Amino acid sequence: MRDKKTETTENEEVKLYPIMGIRPGIYLTVLYTVILLLAVFLFFIYPGLKNPSAVLLVNTEPQGAAIRINGTYMGVSGEKIHLTAGVYNIEAVMSGFETESSDVRIPGRVLFSLFFPRRYDAEFALKTRDPQAVLTEAAQEFAEWSFMGEPTASWQIPSVLSEGAYRMGPSGNKENTQILTVASRFAVTRAALRDLCRAKILLDNGGLSPSAGLVGSVSDILAFLSQNPGSAGWLSALLPPESSSAIRASKWYFNDNSSEPVVIPAPGSPNVRRTMLSGLSFAAIPAGSLTGKNNETINEFLICEEPIPLSLYEFFMNENQKWKDEYINYYEEEISVPLSDVYSGIITGISWYSANAFCEWLTERLPAGMQARLPAEMEWEYAAMFGVSSTENHIWEWCADPYTPIQFINAPAAVIEAVGSPQRSLRGKNTRASLPPGFSSPFVTLRPVITQITVQ
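In what follows, the accompanying structure is described. (Residues numbered from 1 in each chain as written. Predicted model: local features only at pLDDT ≥ 70, side-chain atom pairs only at ≥ 80, totals over all residues. Heavy atoms only, no water.)

Attention now moves to the packing of aromatic side chains. Tallied over the full model, the rule gives 10 aromatic pairs. For the ring pair Tyr-313 and Phe-316, a centre distance of 5.1 Å and an interplane angle of 65° mean the geometry is edge-to-face. Here the residue Tyr-313 and the residue Phe-316 both occupy positions in helix 11 (residues 310–319), the gap between them amounting to three residues, near one helical turn. Residue Tyr-313 shares its accessibility class with Phe-316, and that shared class is buried. For the pair Tyr-382 and Phe-386, a centre-to-centre distance of 5.2 Å together with 70° between the ring planes defines the contact as edge-to-face. According to the relative accessible area criterion, Tyr-382 is buried, its value standing at 0%. Under the relative-accessibility criterion, Phe-386 is labelled partly exposed at 26%. Each residue in the set Tyr-313, Phe-316, Phe-358 and Trp-361 is aromatic and connected to the rest through ring pairs, giving one cluster. The aromatic ring of Trp-352 is capped on one face by Arg-424, whose charged end is 4.2 Å from the ring centroid. (Phe/Tyr/Trp six-rings, centres within 6.5 Å; stacked < 30°, edge-to-face > 60°. Helix = DSSP H or I, 4+ residues; strand = E, 2+ residues; numbered from the N terminus. Buried < 20%, exposed > 50% of the residue type's maximum accessible area, 1.4 Å probe, protein only. Lys NZ or Arg CZ within 6 Å of the ring centre and 35° of its normal.)

This is the structure we're talking about:
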């Protein structure tokens, strides 16, 4: 039996009373309307009044340009940049291209700006007066990445060379192919080889996607491989095992690795003779060429028979405090070795820069018309075939050349110099290595060559 009091309570109704004579139906309607209007104001109007922002989207051709707003870096083209309403100077900056800029007034949006900010688009077509400089810079960066090794799942190498080919756009200059040829001397990983091939295809198609020109690109690549002995071994070391096995079993691979460089002295060249200059013994190496190694032609030169003795290098350091400080700092501060414990016979522990400075110092003490310099790597190798080579198995000697991991690919010397390398060549007995020019080692020395000064 239900309680009568409980039943009465359940049947009671809530009753609203007029307020100041206003009926509930009216003031509730007003209250709900105020709440709704307040919500609309807070979410759709107030954000625009407080921060009338806009979204700036800058597109550039080529893509990837840095975007500066009033001189401050804000991102790259294609990224959204949030700005308040106002007047701005927008700049699109890309290395190798002329900077493009524009002053714009960006209006804001009051209504719905929190969820739908005003969008403002800007476009720039970047121009370059020197397309080759764009590709050369890309090749330089490609060379730097080549010393980082094969990429892994945790880090990747950017496709800088093909990006440079895309940025160039249409350009039919043959120097472009020469730049790619120099870049190929640094293609020592699969990632680099892919980037190189992609750059070639993009270059042949004016920066566009592959088209009918793909056949011509492949033909050029095959011709390039056939013209550079050593290509078979290069590809077999980079391609996956299945492809590598097929190359190693081919006649191309056998013929490509069956010949060694041969010294061919120029007709009538004298035998190696020796001469003393500035207290050093030099061997005269006759002119000739190296067949099987790009058929390099080498002019006659003198090469020091031994690395520079420490006693002579001390004279140079005493007259050039900068290089003396470098030498002392290297041994006593960087590797904590007292100078008294340094290998006493020859100078070691010197940078490429200091070795080059020594050659300039030595030139001032030679007869007129002669110059001392570091040997080209090919000259060092050529002299070794005449019996002049490093006398220590653990000693390396600085060479003048920018270091390229792949030597057999022939390219114009001027383009090789333009692309350069982050490292310089080192040669030793049956060894080849490299270091950045500002670095050194207790096992690095120098052996200068002397040539006649050519009057232009």
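Additional details are given in the paragraphs that follow.
Before going further, it helps to spend a moment on helix 8 (residues 231–238). The buried fraction of helix 8 is high, at six of eight residues. Within helix 8 the residues assigned to the buried category are Ser-231, Ala-232, Trp-234, Leu-235, Ser-236 and Leu-238.

This brings us to the packing of helix 3 (residues 131–145) against helix 4 (residues 160–168). If you want to describe how two helices pack, look at the angle between their axes and the distance between the axes. Two numbers describe how helix 3 lies on helix 4: the axes approach to 8 Å, and their chain directions differ by 175°. Judged by the angle between their axes, helix 3 and helix 4 are roughly antiparallel. Contacts between helix 3 and helix 4 involve Pro-131, Gln-132, Val-134, Leu-135, Ala-138, Ala-139, Glu-141, Phe-142 and Trp-145 from the former and Val-160, Leu-161, Gly-164, Ala-165, Arg-167 and Met-168 from the latter. Of the residues assigned to the contact of helix 3 with helix 4, the class counts are 11 nonpolar, two polar and two charged. (Axes fitted to C-alpha atoms, helices over the stretch in contact; angles between N-to-C directions. Parallel < 35°, antiparallel > 145°, perpendicular 65-115°, else oblique. Contact = heavy atoms within 4.5 Å. Nonpolar A, V, L, I, M, F, W, Y, C, P; charged D, E, K, R; others polar.)

So, on to the sheet that holds strand 17 (residues 431–435). The strand order 17-16-15-18 describes an open sheet built from four strands, whose pairing is mixed. Both outer strands of the open sheet, strand 17 and strand 18 (444–445), are each paired with one neighbouring strand and no more. Examined bridge by bridge, strand 16 (residues 424–428) and strand 17 share five bridges and lie antiparallel to one another. Paired with Arg-424 across the bridge in strand 17 is Leu-435. Contacting strand 15 (396–402), strand 16 and strand 17, helix 14 (residues 377–384) crosses the sheet at an angle of about 10° to strand 16. (Pairing = 2+ DSSP bridges.)

Let us look at the environment of Ser-77. Considering the arrangement of structural elements, one finds Ser-77 in the loop between strand 3 (72–76) and strand 4 (80–84). Note: C-alpha distance between Ser-77 and Glu-123 (46 residues apart in sequence) is 9.2 Å.

Across the sheet, which stays open at both edges, the five strands sit in the order 9-10-13-19-14 with antiparallel pairing between neighbours. Single-partner strands in this sheet number two, and they are strand 9 (273–277) and strand 14 (370–373). Direction aside, neighbouring strands of the sheet carry axes that sit 30° apart on average. Where strand 9 meets strand 10 (residues 280–285), five bridges bridge the pair, whose relative direction is antiparallel. Across the sheet, Arg-273 pairs through a bridge with Ala-284, a residue of strand 10. In the packing of helix 13 (residues 352–363) onto the sheet, contacts are made with strand 10 and strand 14, and the angle to strand 14 comes to roughly 160°. On top of the sheet, helix 14 reaches strand 10, strand 13 (301–304), strand 14 and strand 19 (449–452); it is set at about 80° to strand 13, its chief contact.

Our focus in this paragraph is the side chain of Thr-445. Checked against the element boundaries, Thr-445 lands in strand 18. For Thr-445, a relative accessible area of 0% gives the class buried. When neighbours within four sequence positions are excluded, Thr-445 is seen to be in contact with Pro-307, Ile-308, Ile-346, Ile-347, Thr-348, Ile-350, Ile-395, Trp-396, Glu-397 and Trp-398.

Attention now moves to the environment of Leu-202. Along the polypeptide, Leu-202 turns up in helix 6 (residues 190–204). Judged by its relative accessible area of 9%, Leu-202 falls in the buried class. As a C-alpha pair, Leu-202 and Met-168 span 34 residues in sequence and 9.5 Å in three-dimensional space.

Think of it this way: side chains of opposite charge can pair up when their charged atoms draw near. One pass over the structure, following the stated rule, counts 10 salt bridges. Notably, a salt bridge pairs Arg-274 with Glu-305, separated by 2.7 Å at the nearest N-O pair. Placement of the pair is Arg-274 in strand 9 and Glu-305 in the loop between strand 13 and helix 11, with a sequence separation of 31 residues. Across the pair Arg-432 and Glu-377 runs a salt bridge whose closest N-O atoms are separated by 2.3 Å. Of this pair, Arg-432 sits in strand 17 while Glu-377 is found in helix 14, placing the two residues 55 residues apart along the sequence. When its relative accessible area of 4% is taken as the criterion, Glu-377 is described as buried. (Salt bridge = Lys/Arg side-chain N within 4 Å of Asp/Glu carboxyl O.)

These results come straight from atomic positions and should not be treated as a statement about function.
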